[in-house]
Each structure stands twice: as C-alpha cells, then as structure tokens.
Amino acid sequence: MLTSQQVADLIGEAIPLGSGRSAVPEHVVKGLLGGLGVKTPAGRAFFGQQDAPHAAAELREPLVLKAWGPGLLHKSEAGAVSLGLARGELGQAVAAMGD
C-alpha cells in the first residue's frame, strides 16, 4: 500500500495545463493504481529511441508505444500511439513519433 507521501509525490508529477487544470501522465497513474493493489498492464517509461530496447526487454509482445508529454492528452488523435509492435519495430516506431 502506498503511503500518503508516496501518493503526494506521484501527484506532484502532474503537468500543468493552464486555467487551473493539470494532467497526470499515464505511467504515473499506473504507478499509483499499482501501489493501491489495482492490476494494470506492465509498462515502462523511457525517453528516446536509444532507451527503447532496454525498456521493452521484460515486456511481452505485442507491444504498444504511447508518446507522452506536456499538452499531449489525446494521443490517438495526435498519432502518438502505435499498436501491435514487435521488439524489433520499437525503435523505428519511436523515431516515427519524433523520438
């Protein structure tokens, strides 16, 4: 179970959107849910094409790649989701999203 400090730390990763709104990245929400005992699909956050192979090493195929960052709330509409990937396709998919 998460402590209140751990929950506060996770929520502290929220991305300000302006007008008093913010968004918490999916990988942070999954961390919060997992800490509360809710099962979520395995996932890894990474920061560029060079990190992709290591990040995916322990995940089962087919893989799903989702970009994340400030202002990117509707990933599918922005072309920031790629489904059904094999590990060997991951680097190319990252590059296609703009690394």
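So, a few notes on the structure that sits alongside this text.

**A closer look at the environment of Met1**
Right, on to step 1. Looking at where Met1 falls in the secondary structure, it is placed in the segment before helix H1 (4–11).
Right, on to step 2. According to the relative accessible area criterion, Met1 is exposed, its value standing at 81%.
Right, on to step 3. Met1 sits 35 residues away from Leu36 along the chain, and the two C-alpha atoms are 5.3 Å apart.
Right, on to step 4. When near neighbours in sequence (up to four residues on either side) are disregarded, Met1 contacts Gln6, Gly35 and Leu36.

**Quick notes on the environment of Lys39**
Right, on to step 1. For Lys39, the position within the fold is in the loop between helix H2 (26–35) and helix H3 (52–56).
Right, on to step 2. For Lys39, a relative accessible area of 82% translates into the label exposed.
Right, on to step 3. Counting along the chain gives 18 residues from Lys39 to Arg21, while the straight-line C-alpha distance between them is 27 Å.

Criteria and cut-off values
- Residues numbered from 1 in each chain as written.
- Predicted model: local features only at pLDDT ≥ 70, side-chain atom pairs only at ≥ 80, totals over all residues.
- Heavy atoms only, no water.
- Helix = DSSP H or I, 4+ residues; strand = E, 2+ residues; numbered from the N terminus.
- Buried < 20%, exposed > 50% of the residue type's maximum accessible area, 1.4 Å probe, protein only.
- Contact = heavy atoms within 4.5 Å.

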